[in-house]
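# Inside the fold
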There are 2 protein chains.
Amino acid sequence: MEKSVQTLTSFIIALTTSLIFSASAMAADPLPSWNEGGSKQAIMDFVTAVTKEGGKDYVPPGERIATFDNDGTLWIEYPMYTQALFAFDRVKELAPQHPEWKTRQPFKGVLEDDMKAVGATGMEGVMELILATHSGMTATEFSQEVSRWLATTKQKRFDRLYTELVYQPQLELLAYLRANGFKTFIVSGGGIAFMRPMTEKVYGIPPEQVVGSSVVAEFQLRDGKPVLARMPEINFINDKAGKPVGIYQHIGKRPLLAFGNSDSDMQMIEYTMAGEGRRLGLFVHHTDAAREYAYDRDSHVGKLDKALDQAAARGWIIVDMKKDWKQVFPGN
Amino acid sequence: MEKSVQTLTSFIIALTTSLIFSASAMAADPLPSWNEGGSKQAIMDFVTAVTKEGGKDYVPPGERIATFDNDGTLWIEYPMYTQALFAFDRVKELAPQHPEWKTRQPFKGVLEDDMKAVGATGMEGVMELILATHSGMTATEFSQEVSRWLATTKQKRFDRLYTELVYQPQLELLAYLRANGFKTFIVSGGGIAFMRPMTEKVYGIPPEQVVGSSVVAEFQLRDGKPVLARMPEINFINDKAGKPVGIYQHIGKRPLLAFGNSDSDMQMIEYTMAGEGRRLGLFVHHTDAAREYAYDRDSHVGKLDKALDQAAARGWIIVDMKKDWKQVFPGN
C-alpha cells in the first residue's frame, strides 16, 4: 500500500507540473518579435474575437483560413525576387546547351549580367526566362533542382541562405494562428513548384497548402514509368486578380485573414474583407533600410502604392517593419 | 489525508476506465461494413505497415496522402452521373430564358427527355450542357444552387437523396485512414464546385482537399463588391491522365493510397503505385445488381475494362462490392 501511495503521489506531482507548464505556456507572449502596439494588438484582438465560443464574431475552426503572400511578406524579395535569381542562375547553367542565347535577349542580358537589357524585354522577356528554366524536365527533377539551389545559394548582402531570410515575426504569427485553429496557406504570384520544396520545413506549411503560379504539366510514360513533365506553357498566373481566383480554385473558401505586402495583394485582401463577419487584411510595409530594405511606391519589386493610400479608409492594417518588428530575421 | 487518498483513488478509477475504453475502441473493428477477406485484409495490412514506426514500410504522417475518386467510388454514379442529372434539371429550369434551346441539341433532347439525342451529341454536347448550366453566375450563387438541388432531389430507384447514396464501407475507410494519420482527398473527374458544397458534411473531406474539373473563374467588381464570376470556358478536366496532373498541381505530393472504380482512374493508380516504397491501389467493382448496380466492361458510365484485365499483374486490388461489402449504403 505504501508503494502504491508513493506511485500515486509522484503521478500527482507529474500532473501538477504539467498543468503549471501548460498554464505558463498559455500566458507567454505568442508574438515575442512583434513590438507592442497597434498592429500586434489588432492581430491579437482579431484572433481572440473569432475564436471566442459564443462570442458575436466566433468562427468555427474549419472556416479559419489564413492566406499569406510569400515574396516580401514571408521572406525577402529585394532587390530581386528569389525565383528570378534562380532563373538567372539556371540560364547560366543551361547556356552551354543553348549557344543561341549568347545573342538573344533576354538570355544575352542574363549571361552578361546586364539587368537593364533584361528589364527592357518586359514581362514577355521574364516569362520567356521562366519557361526556359522551369520546364523541360520532370516534376521530380525540378523539385530537386530547386532544393539544391536553395541549399547552396546565399543572398549577397546578408550572406545567408534565402530560407534563412524569412521574417521571424511572421513565423511566430503563422504558429500563433495554427495554435488557434487556423489553417495557414501561401497564396503567391511565385511558382507553386518553386515554393513547395521549402514551405513545410521553413514555414510549417505543407505543399498542399501552397497556391501559386504554374506551368502546364503533362502525364507521360517514359520507358513505362509514369512521370509528370513540365511543359513550356503557362498554366495559371496567381497574381493580382488571379489571387482570389487561385483561392477559389484551390481552397474553395474565403480567407478570414489575408496578409500581403504590395499592390499585387490588393485583390486578395479586398476579396477577404468582403466576406461576412469580422475579417483582417494586412500589408507589410518595408520601412527598414538598416535591418532589411526600405521601398514602396516607386519600387520595381513589391510596389506598395495604392494600398498605402487606401488602407486607412478600408480598414487594412499597415505593418511598419521598422516600428512593428522587434526582430526581422531568425537567429541574428 | 483520508480525503486525498479517496480523491486519488477515484482519479485512478477514472483513469483506468478511460484506458480500458480506449483499448476496447482500438480493438473494435474499424471497418465493420467490410466482410473479412482479401480486400479488407490488404487494406488493414497496408495501413499497419506504413504506420508502424521503425518498420521497413514506415511513412511519416505528412506523406500519408490518400486520394479517392468520387463517382462510383464514394457515391452512386449509375445509371447516370449525379452532376449530369443536375445539369439536366438546370436546363429545364433555365429553359424559359433560352427559347432557342427548344430546337437546338443537346438542349432539345434534355427538354424532351430524349437521352438518345443527347448522347448523339457526344462529349462536345455534354461540355455544352455543363458550360451552359455551370457558368454565368457567381461562385456563391452556384454553390447555393448545388446545395439546394442536393437537399431536394432524390434518386429514383432508391428514393433517397444522392448524399445518402454514399458507400458506408468507404465512409469507414476514410475515417480509418484519417485516424491513422492520413490526409484524405477527393480526386474526381466531376466538377470541383459541384462537389465542395457537400464533401465536408458527407465524407469529412473539406473543400480544400477536393480536386476536380473546373470552369474558368474571373475576379470582378459588381457595384464595388468583389465577386468570382464563373465563365463559360473549361479551365481543367481532372480525368484520366488529368488526374495525376491535378494531384501534382493541387496536392504536390504523390498519393500513398489511391482508390477508383473505372478505367478513368488508371493513370491516378499508376502514378500512385510508381512511387517508392509500399503503395496501395484499389478499384471498386460494381457487381451487386440487388443492393446497387452491376456494370463494368460495357457500361456508358464508370467503364471498368482494362483495369480489370491488368489488376492481377500490376498488384491492384479489385474490391468486389457484392463479396467485400457487408452493407452498401448508410442506415438501412
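Okay, so let's go over this structure. (Residues numbered from 1 in each chain as written. Chains lettered and ligands numbered in written order. Predicted model: local features only at pLDDT ≥ 70, side-chain atom pairs only at ≥ 80, totals over all residues. Heavy atoms only, no water.)

### A few points about the pairing of strand β1 (residues 65–68) of chain B
Residues and elements named next belong to chain B. We apply this condition: The cut-offs for exposure are 20% and 50% of the maximum accessible area for each residue type, with area from a 1.4 Å probe on protein chains only; residues under the lower value are buried, those over the upper are exposed, and the others partly exposed. Secondary structure elements are defined from DSSP: runs of H or I of at least 4 residues count as helices, runs of E of at least 2 residues count as strands, and each element is numbered from the N terminus. A pair of strands is considered paired only if DSSP assigns at least 2 bridges between the two.
On β1, burial covers both faces: I65 and T67 on one face and A66 and F68 on the other are all buried. Of the strand pairs in this sheet, β1 and strand β7 (residues 257–260) are connected by three bridges, and their pairing is parallel. Residue pairing in the sheet places A66 in a bridge with L257 of β7.

### With respect to the nonpolar core
Note the cut-off: Here, nonpolar core means buried Ala, Val, Leu, Ile, Met, Phe, Trp, Tyr and Cys residues that are tied together by side-chain atoms lying within 4.5 Å of each other.
In terms of nonpolar packing, the biggest core is built from 76 residues, with I43, F68, L173 and Y203 of chain A touching the most fellow members. No other element matches the seven residues that helix α9 (residues 192–203) of chain A contributes to this core. By size, the runner-up hydrophobic cluster in this structure holds 75 residues, among which are A258 and M266 of chain A together with F182 and L280 of chain B.

### Observations concerning the pattern of salt bridges
Where charged atoms from two side chains of opposite charge come close, those side chains can pair. What counts, and what does not: Each reported salt bridge corresponds to a side-chain nitrogen of Lys or Arg within 4 Å of a carboxyl oxygen of Asp or Glu.
Considering all chains together, one arrives at 40 salt bridges over all chains under this definition. For K253 of chain B, the salt bridge identified is with E208 of chain A, shortest N-O distance 3.0 Å. With K253 of chain B in the loop between α10 (242–250) and β7 and E208 of chain A in the loop between α9 and β5 (210–222), the pair connects residues from two separate chains. Both residues of the pair, K253 of chain B and E208 of chain A, belong to the buried class. Residues joined in a network through salt bridges with shared partners are R90, E93, E145 and R148 of chain A.

### Points about the packing of helix α7 (residues 139–152) of chain A against α9 of chain A
Residues and elements named next belong to chain A. The condition that has to hold: All axes here are fitted lines through C-alpha atoms, helices being fitted over the stretch that makes contact, and every angle between N-to-C directions spans 0 to 180 degrees. For this classification, under 35 degrees means roughly parallel, over 145 means roughly antiparallel, 65 to 115 means roughly perpendicular, and everything else is oblique. Note on convention: near helix rotated counterclockwise from far helix by under a right angle means a left-handed crossing. Clockwise means right-handed. Any two residues having at least one pair of non-hydrogen atoms within 4.5 Å are treated as being in contact. Three categories are distinguished: nonpolar for Ala, Val, Leu, Ile, Met, Phe, Trp, Tyr, Cys and Pro, charged for Asp, Glu, Lys and Arg, and polar for the others, with Gly belonging to the last.
Closest axis-to-axis distance for the α7/α9 pair is 9 Å, and the angle between their directions is 60°. As judged from the angle between their axes, α7 and α9 are oblique. Seen from above, α7 lies across α9 with right-handed handedness. Seen from α7, the contacting residues are F142, S143, V146, S147, W149 and L150; seen from α9, they are A193, F194, P197 and M198. Considered class by class, the residues forming the contact of α7 with α9 number eight nonpolar, two polar and no charged.

### Concerning the packing of helix α3 (residues 82–94) of chain B against helix α6 (residues 122–134) of chain B
All names here are of chain B. Their axes nearest at 9 Å, the elements α3 and α6 cross at an angle of 60°. Considering their axes alone, α3 and α6 lie oblique with respect to each other. Taken as a pair, α3 and α6 cross one another with a handedness that is left-handed. The residues of α6 that touch α3, namely those facing Q83, F86, A87, F88, R90, V91 and L94, are L129, I130, A132, T133 and H134. Across the contact of α3 with α6, the residue classes tally to eight nonpolar, three polar and one charged.

### What to know about the sheet that holds strand β8 (residues 280–285) of chain B
Residues and elements named next belong to chain B. If you walk across this open sheet you meet the seven strands as β6-β5-β4-β1-β7-β8-β9, and the pairing is mixed. In this open sheet, the two strands that pair with only one neighbour each are β6 (225–236) and β9 (317–320). When the angles between neighbouring strand axes are averaged without regard to direction, this sheet yields 35°.

### So, the interface of chain A and chain B
Rules: Contacts described as polar in this section are N or O atom pairs within 3.5 Å, which, within protein, must combine one atom able to donate a hydrogen with one able to accept it, while residues neighboring in sequence count only if both atoms come from side chains.
Taken together, the contact between chain A and chain B spans 41 residues of the former and 41 residues of the latter. Put simply, chain A and chain B have four salt bridges between them. Counting every contact that joins chain A to chain B gives 19 residue pairs in polar contact (both at pLDDT 80 or more). Looking at the side of chain A that touches chain B, the elements with two or more residues in it are α1 (2–27), β4 (183–191), α9, β5, β6 (225–236), α10 (242–250) and α11 (266–273) of chain A. The element that contributes the greatest number of residues to the side of chain A that touches chain B is β5 of chain A, accounting for seven residues. By residue class, the composition of the side of chain A that touches chain B is 25 nonpolar, seven polar and nine charged.

### Concerning the side chain of S213 of chain A
Residues and elements named next belong to chain A. When you line up the elements, S213 lands in strand β5. Polar side-chain contacts of S213 include one of 2.7 Å to the backbone oxygen of G189. What S213 contacts, discounting residues up to four positions off in sequence, is S188, G189, G190, G191, I192, F236, I237 and N238.

### Description of empty space enclosed by the protein
Unfilled space is identified by rolling a water-sized probe across the atoms. Worth spelling out the cut-off: Within this scheme a cavity is a closed region of a 1 Å grid, computed over the protein atoms alone, that accommodates a 1.4 Å probe without allowing it to escape, whereas a pocket is open but has protein on both sides within 12 Å along at least five of seven lines; lining residues each have an atom within 4 Å of a point. Grid points are joined across faces, edges and corners, and a volume is the space filled by probe spheres set on the points.
Under the defined criterion, the tally for this structure stands at two cavities of 30 Å³ or more. Within this model, the largest cavity holds a volume of roughly 50 Å³. If you trace the largest cavity, you find it lined by N70, D71, W75, Q83, S188, G190, G191, F194 and M195 of chain A. Element by element, the count of residues in the lining of the largest cavity is highest for β4 of chain A, at three residues. Looking at the lining of the largest cavity, its residues break down into three nonpolar, five polar and one charged. Reported here for the second largest cavity is a volume of approximately 30 Å³. Together, K183, F185, E208 and Q209 of chain A together with K183, F185, E208 and Q209 of chain B line the second largest cavity. If you list the elements that add at least two residues to the lining of the second largest cavity, you get β4 of chain A together with β4 (183–191) of chain B.

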